[in-house]
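So you can see what is in the structure, the chains are spelled out below.
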Amino acid sequence: MTATPAEARQGLKSSSMSNLTLILIKIAYLAVLWLFVLMAVGVIRTDLFGQSKKKAKKKPRPAARPPQRRAPSSSQERPQRPRRNEPTVLAVTQGSLSGTTVNLASQPILIGRAPDSTLVITDDYASGRHARVYSENGRWFVEDLNSTNGTYLGQQKLNRPQPITVGQPIRIGKTVLELRK
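Residues numbered from 1 in each chain as written. Predicted model: local features only at pLDDT ≥ 70, side-chain atom pairs only at ≥ 80, totals over all residues. Heavy atoms only, no water.

1. Things to note about the nonpolar core
We count it as follows: For this analysis, a nonpolar core means a set of buried residues of the types Ala, Val, Leu, Ile, Met, Phe, Trp, Tyr and Cys, connected via side-chain atoms within 4.5 Å. The buried label applies to any residue whose accessible area, calculated with a 1.4 Å probe on protein chains only, is under 20% of its type's maximum; exposed applies above 50%, and partly exposed to all values in between. Numbering of helices and strands runs from the N terminus; a helix is a DSSP stretch of H or I covering at least four residues, while a strand is a stretch of E covering at least two. Note on contacts: a residue pair is in contact if any heavy atoms of the two residues lie within 4.5 Å.
Grouped together as the largest cluster of nonpolar side chains are 20 residues, with contacts concentrated most on L90, I111, V133, I164 and L177. Broken down by secondary-structure element, the contributors of at least two residues to this core are β1 (89-94), β3 (109-112), β5 (131-136), β6 (139-144), β10 (170-172) and β11 (175-180). With residues near it in sequence (within four places) discarded, I164 still touches V133, W140, F141, V142, L153, I170 and L179.

Structure (structure tokens):
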């Protein structure tokens, strides 16, 4: 049985229509694939080099003013010094910043890869805002800030703030910290 010219034209139209549809689907797929590749390159670039200066422009924070102190009179006691057994610094004992110390003050110490952290660590396993060390009622605590890879106090993974003592290792990826006198 042979097809009439009208049937042949109809078959040609449906064939060319499906080819056109396939070509459009292929082009759309390639566009989405390239968009994904460009986004992945942007994320990797940000991880390696930080945010671009255009995006990172923020209003500068006003500098924190030290608390106002009155001149001590003869009846007032001298300014407090750290007690004998209290830690004075947070020291990096292992990792790329080994030997670095941060003086302990009343302000919490933010640890992470973010540039505004108090202690900026360049560990691949650290989050932007990974953990914080803070003082409360004369005791020092470490708290994991919902990091991806966790914060460890000794061998224990933290799931809530934990008190820390002098010499107790705090591990963030390959970086190890401890309180020292």
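2. Some remarks on the sheet that holds β10
Hydrogen bonds along the backbone pair up the strands of a sheet, which may run parallel or antiparallel. Basically, it comes down to this: What makes two strands pair is DSSP finding at least two bridges between them.
Taking strand neighbours across the sheet as the criterion, the six strands line up as β2-β1-β11-β10-β7-β8 in an open arrangement whose pairing is antiparallel. Across the chains shown, the open sheet's two edge strands, defined by having one partner strand only, are β2 (101-103) and β8 (156-157). As paired strands, β10 and β11 are joined by three bridges and run antiparallel to one another. Within β11, the position partnered with I172 by the bridge is T175.

3. Some points on the pairing of β1
Note: β1 against β2, three bridges, orientation antiparallel. Paired with V89 across the strands is N103, a residue of β2. Where β1 hands over to β2, the hairpin turn is made up of six residues, of which G95 adopts a positive phi near 115°. Two elements, β1 and β11, share five bridges in a ladder whose sense is antiparallel. Residue pairing across strands places Q94 opposite V176, the latter belonging to β11.

4. Overview of the pattern of salt bridges
Note the cut-off: Salt bridge, as used here, is a side-chain nitrogen of Lys or Arg placed within 4 Å of a carboxyl oxygen of Asp or Glu.
Tallied over the entire structure, the rule returns three salt bridges. Its salt-bridge partner being D116, residue R129 comes within 2.6 Å of it at the nearest N-O pair. Here D116 lies in the loop between β3 and β4 (119-120) and R129 lies in the loop between β4 and β5, a separation of 13 residues in the sequence. In this structure, E178 engages R180 in a salt bridge whose closest nitrogen and oxygen atoms are separated by 3.0 Å. What makes E178 buried here is its relative accessible area of 17%. The exposure class assigned to R180 is partly exposed, which follows from its relative accessible area of 36%.

5. Describing the sheet that holds β3
Within the open sheet, the five strands sit side by side as β4-β3-β5-β6-β9. Their pairing is mixed. Among the strands making up the open sheet, the edge pair consists of β4 and β9 (162-164). Two elements, β3 and β5, share three bridges in a ladder whose sense is antiparallel. Opposite I111, over in β5, you have A131 as the bridge partner.

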